Amino acid sequence: TSNYRNIHIEGTTGTIMRFMADGTQVGQIQSDTNEFQLNAITADPMIFKTTNTEAMRISAAGEITKPLQPAFLAQPSSNQDDITAGQNITVVLGTEVFDVGSNFASNTFTAPVTGKYLLIFTLYGSQLDGDASYMEIAIETSNRPYTTIQEPSGTEDVFAGGTTAAVADMDANDTAYVRVTTGSGQSTFDITTSSRFSGALIC
C-alpha cells in the first residue's frame, strides 16, 4: 500500500525473483537483511554488457574478466643510441604489444576516465658511461613524476636499468610517458628494445 517506485518487489527472506529458461532455473535474485545476491544457478558465466558489448564476465568458477578495461603494453621498435647526458630523454615506444581502448599513442598514455592506474616502466639499457654521476628512470604523469635513481660504479661502460612502478591517480585526459636521464659523463647510453612501458586501470 506504500509503493514508491515504478517496480516494487517485496517478499519474505529468500528468493524474491527467479529466472527460468525452458523450464530450467538459470538465475535468481535473493535478499535478506544483510546481503543482496544476483545468482547464476547454472554453470554458464554471468555477463554484463554496455551498449550491447561485453564489459564484464564472471565465470562459473568465479574468475572475473573485463575485456574493455583500459590496458596497454608498449616497447621501443629500435634502440635509442647515445642519448644526450644531462637531459631528460623521452623513451620512444614505437611498438604496441596491446592497447585496449586505443589510449596509447605517440609514446604517451592518455587516461580515458578518472581513476587509479597501475603504471610500470622497465628500462633495459647498455653502455652507461662509468663516469656518469647518476641514472634516473621516471614515469611522468600530469599530476607528478615517479622516479628511480641509481649511481653507476666503475670506470667502464656498463649495462644499466631498473623498474619504476606506481599506482597513479589520473583524471580523465591526464597523460603518462616515460623518460631517462643520465648525469655527467659521455653520451654513450643506449635504451634497448627490451625496455617496456605498461599500465592498466585498476579502480
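Placed above this text is the structure.
Residues numbered from 1 in each chain as written. Predicted model: local features only at pLDDT ≥ 70, side-chain atom pairs only at ≥ 80, totals over all residues. Heavy atoms only, no water.

(A) Up close: the side chain of Asn 103. Position of Asn 103 among the secondary structure elements: in the loop between strand 9 (95–100) and strand 10 (104–105). The contacts of Asn 103, once residues within four sequence positions are left out, are Pro 70, Thr 108, Phe 109, Thr 110 and Pro 112. (Helix = DSSP H or I, 4+ residues; strand = E, 2+ residues; numbered from the N terminus. Contact = heavy atoms within 4.5 Å.)

(B) Quick peek at the sheet that holds strand 4 (residues 46–50). Strand order across the open sheet formed by three strands is 4-5-6, with antiparallel pairing between neighbours. A single partner strand is all that each edge strand has here, and the edge strands are strand 4 and strand 6 (64–65). Of the strand pairs in this sheet, strand 5 (residues 53–58) and strand 6 are connected by two bridges, and their pairing is antiparallel. Along strand 6, the bridge assignment pairs Ile 58 with Ile 64. (Pairing = 2+ DSSP bridges.)

(C) Here's a closer look at a nonpolar patch on the surface. A grouping of Phe 19, Val 26, Phe 36, Leu 38 and Phe 48 is seen on the molecular surface, where their side chains present a nonpolar patch of about 450 Å² in accessible area. For Phe 48, the location among the structural elements is in strand 4. (Patch = residues over 30% accessible without salt bridge, like charges linked within 9 Å, V, L, I, M, F, W, Y side chains within 5 Å. Areas by Shrake-Rupley, 256 points an atom, 1.4 Å probe, with all protein chains shown as cover. Salt bridge = Lys/Arg side-chain N within 4 Å of Asp/Glu carboxyl O.)

(D) Molecular detail of the packing of aromatic side chains. For the structure on display, the rule yields six aromatic pairs. Relative to Phe 109, the ring of Phe 72 lies with its centre 4.8 Å away and its plane at 20°, an arrangement referred to as stacked. With Phe 72 in strand 7 (residues 71–75) and Phe 109 in strand 11 (residues 108–110), this pair connects stretches of sequence that are 37 residues apart. Its relative accessible area of 1% is what places Phe 72 among the buried residues. When the ring of Tyr 124 is compared with that of Phe 159, the centres are 6.4 Å apart and the planes differ by 65°; the resulting orientation is edge-to-face. In this pair, Tyr 124 is assigned in strand 12 (residues 115–128) and Phe 159 in strand 15 (residues 158–170), connecting sequence segments 35 residues apart. (Phe/Tyr/Trp six-rings, centres within 6.5 Å; stacked < 30°, edge-to-face > 60°. Buried < 20%, exposed > 50% of the residue type's maximum accessible area, 1.4 Å probe, protein only.)

(E) A look at the pattern of salt bridges. Enumeration according to the criterion identifies four salt bridges in this entry. The partner of Asp 169 in a salt bridge is Arg 144, and the shortest N-O contact between them spans 2.4 Å. Here Arg 144 lies in the loop between strand 13 (135–141) and strand 14 (145–150) and Asp 169 lies in strand 15, a separation of 25 residues in the sequence.

(F) Main features of the nonpolar core. Counting 30 residues, the largest nonpolar core has Leu 119, Phe 121, Val 180, Phe 189 and Phe 197 as its most contacted members. Only strand 7, strand 12, strand 13, strand 15, strand 16 (175–182) and strand 18 (196–201) provide two or more residues apiece to this core. Here this core gets five residues from one element, more than from any other, and that element is strand 12. (Core = buried A, V, L, I, M, F, W, Y, C linked by side-chain atoms within 4.5 Å.)

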